[in-house]
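Each chain, letter by letter, is given below.
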2 protein chains.
Amino acid sequence: MEIKIMKNILDRNQNKADEVRDILKKNQVLMVNIIGSPGAGKTTLLERSCEELGKKYNIGIIEGDITTDRDAQRLKKYDIPIVVINTEGGCHLDSHSIHKVLGEFNLKKLNILFVENVGNLICPTQFDLGESFKIAILSTTEGDDKPIKYPMLFRDAKAILLNKTDLIPYTNFNIESFQADLRQINPSVPLIQLSCTKKSGIDDWIIWITSHII
Amino acid sequence: MEIKIMKNILDRNQNKADEVRDILKKNQVLMVNIIGSPGAGKTTLLERSCEELGKKYNIGIIEGDITTDRDAQRLKKYDIPIVVINTEGGCHLDSHSIHKVLGEFNLKKLNILFVENVGNLICPTQFDLGESFKIAILSTTEGDDKPIKYPMLFRDAKAILLNKTDLIPYTNFNIESFQADLRQINPSVPLIQLSCTKKSGIDDWIIWITSHII
């Protein structure tokens, strides 16, 4: 019974996702749905992305947060349009909320719209926001067993970003074991290793994401 | 409409939670619902707890995982009863699943039943499993802003465990800022600082949890 209810929500969600996708397509905007655990480094990835991409491209950001606008506050220094969606306890964004806030952006001028989803490795994966694609960000401190334990996201994501590589020496994270597990779930997905705070590997991410701009 | 559906699920859940609570009370078993993000250190906390408490008390463990029995595999060396509940994509445990597996334990002999919930800082908070209480485990690498951003768990938990304190020197985690935020959400909850892999602060946890054994 619980599953059936979920199915209804997902169906309703899908309709609005298609509308969002149409609007973005018409305006040639790439929409990237960023999914990761609390503290995986989603906002820091956006900081680096604003710095590197902001020189050449017009960026917009939708910040999904349960409550507060703390992440948006961290990003306002880049002087780009940011809209916060507070889910008020909700564990993921949905396409209805995205549809509602699209009008806040000048889509004709936008190249990329980043969506920072609520910090959660599970629920956001099940909701199509109308994005061009999802990316997963995982930090090394979360452990090398996450692809096998949370397979949905690692199967669906268009790229996997392994963040906080600078902390590997201080943890028991085993990169070989991580890669072997990941390849079992998703044999061909690009894996980008980086440290957003130490600013290493950022170029690989920028080259990859730039290649997808419409 | 979505909220109404959730309400129905929660009501149904509550009934079974009360039944679970009655069974545990009758058998004088303390049930601890452990909630934290993926990689916060829930399983490593259980490793330390088995080592320190297992000498004197009879422990049982329910392992909540989306898929796989990896966490249970890590714990089987302690030769204690473990039951795995695979949620098959579900983002939290519920009281019906707990009720179903209680019969797998010899409750008359058990002192503590630890429940490792699915790695998620949001959804498990909303589901009463019939536990004696919830505890929250957060790792320093997730960032000091988590209590404010995910207030539900930090408000409800009977104790907050701050794990991976050994990694503070390598991150921008600010303990004063963390504590100030936490106190805003929950002025009086005990805060236990520890490193489960480096085995520091474990005594504080053991003393605290032992004081709650019935």
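Reading the values: the criteria
Residues numbered from 1 in each chain as written. Chains lettered and ligands numbered in written order. Predicted model: local features only at pLDDT ≥ 70, side-chain atom pairs only at ≥ 80, totals over all residues. Heavy atoms only, no water. Helix = DSSP H or I, 4+ residues; strand = E, 2+ residues; numbered from the N terminus. Rg over C-alpha atoms; globule rule 2.2 N^0.38 Å. Buried < 20%, exposed > 50% of the residue type's maximum accessible area, 1.4 Å probe, protein only. Contact = heavy atoms within 4.5 Å. Buried area = accessible area lost by both parts, 1.4 Å probe. Salt bridge = Lys/Arg side-chain N within 4 Å of Asp/Glu carboxyl O. Polar contact = N/O pair within 3.5 Å; in protein donor to acceptor, adjacent residues only side chain to side chain. Nonpolar A, V, L, I, M, F, W, Y, C, P; charged D, E, K, R; others polar. Least-squares fit on C-alpha atoms with pLDDT ≥ 70 in both. Phe/Tyr/Trp six-rings, centres within 6.5 Å; stacked < 30°, edge-to-face > 60°. Disulfide = S-S within 2.5 Å. Axes fitted to C-alpha atoms, helices over the stretch in contact; angles between N-to-C directions. Parallel < 35°, antiparallel > 145°, perpendicular 65-115°, else oblique. Left-handed = near helix turned anticlockwise from the far one by under 90°.

**Remarks on the overall build of chain A**
A tally of regular secondary structure across chain A gives 8 helices and 7 strands. Its C-alpha atoms give chain A a radius of gyration of 17 Å, near enough to 17 Å, the size a compact globule of 214 residues would have. Seen along its three principal axes, the alpha-carbon backbone of chain A occupies a region of about 50 × 45 × 30 Å. Each of the 214 residues in chain A was classed as buried or not, and the buried ones make up 60%.

**Regarding the interface of chain A and chain B**
Taken together, the contact pairs 42 residues of chain A with 42 residues of chain B. Of the roughly 3300 Å² buried between chain A and chain B, counting both surfaces, carbon and sulfur atoms make up 59%. The interface formed by chain A and chain B contains 6 salt bridges. Put simply, arginine 70 of chain B and aspartate 181 of chain A hold a salt bridge, and the shortest N to O gap is 2.9 Å. The tally of links from chain A across to chain B stands at 9 residue pairs in polar contact (both at pLDDT 80 or more). Residue composition of the side of chain A that touches chain B, by class: 15 nonpolar, 13 polar and 14 charged.

**Notes on the relation of the copies chain A and chain B**
When chain A is brought onto chain B, the operation consists of a screw motion whose angular component is 180° and whose axial shift is 0.0 Å, with 0.0 Å RMSD remaining. Such values leave the two copies arranged in the relation of a two-fold axis. Most of the interface of chain A is mirrored in chain B: 100% of its interface residues are interface residues there too.

**What to know about the packing of aromatic side chains**
All names here are of chain A. Following the criterion strictly, the structure yields 7 aromatic pairs over all chains and no others. Aromatic side chains phenylalanine 133 and tryptophan 208 sit 5.5 Å apart centroid to centroid with 70° between the ring planes, which places their arrangement in the edge-to-face category. Here phenylalanine 133 is found in strand β5 (residues 133–139), whereas its partner tryptophan 208 is found in helix α8 (residues 202–210), with 75 residues between them in sequence. Accessibility assignment for this pair places phenylalanine 133 and tryptophan 208 in one class, buried. Ring geometry for tryptophan 205 versus tryptophan 208: centroids 6.1 Å apart, planes at 20°, classification stacked. Of this pair, tryptophan 205 and tryptophan 208 both sit in helix α8, 3 residues apart, roughly one helical turn. When sorted by exposure, tryptophan 205 lands in the same class as tryptophan 208, which is buried. By the ring-pair criterion, three or more aromatic residues cluster together here, those being Phe133, Trp205 and Trp208.

**Concerning the state of the cysteines**
This structure, assessed with the given rule, holds 0 disulfides over all chains. Take cysteine 50 of chain B: it sits in no disulfide, and the sulfur closest to it among the cysteines is that of cysteine 196 of chain B, at 12 Å. Judged by its relative accessible area of 6%, cysteine 50 of chain B is buried. Note on cysteine 91 of chain B: no disulfide assigned, nearest cysteine sulfur contributed by cysteine 123 of chain A at a separation of 3.5 Å. According to the relative accessible area criterion, cysteine 91 of chain B is buried, its value standing at 15%.

**Digging into the packing of helix α2 (residues 42–53) of chain B against helix α8 (residues 202–210) of chain B**
All names here are of chain B. Running from N to C, α2 and α8 cross one another at 70°; their axes reach a closest spacing of 11 Å. Between α2 and α8, the interaxial angle falls into the category roughly perpendicular. Considering how the two elements wind past one another, α2 and α8 form a crossing that is right-handed. Here α2 contributes Leu45, Arg48, Ser49, Glu52 and Leu53 to the contact with α8, which in turn contributes Ile202, Trp205, Ile206, Ile209 and Thr210. Grouping the amino acids of the contact of α2 with α8 by side-chain chemistry returns 6 nonpolar, 2 polar and 2 charged.

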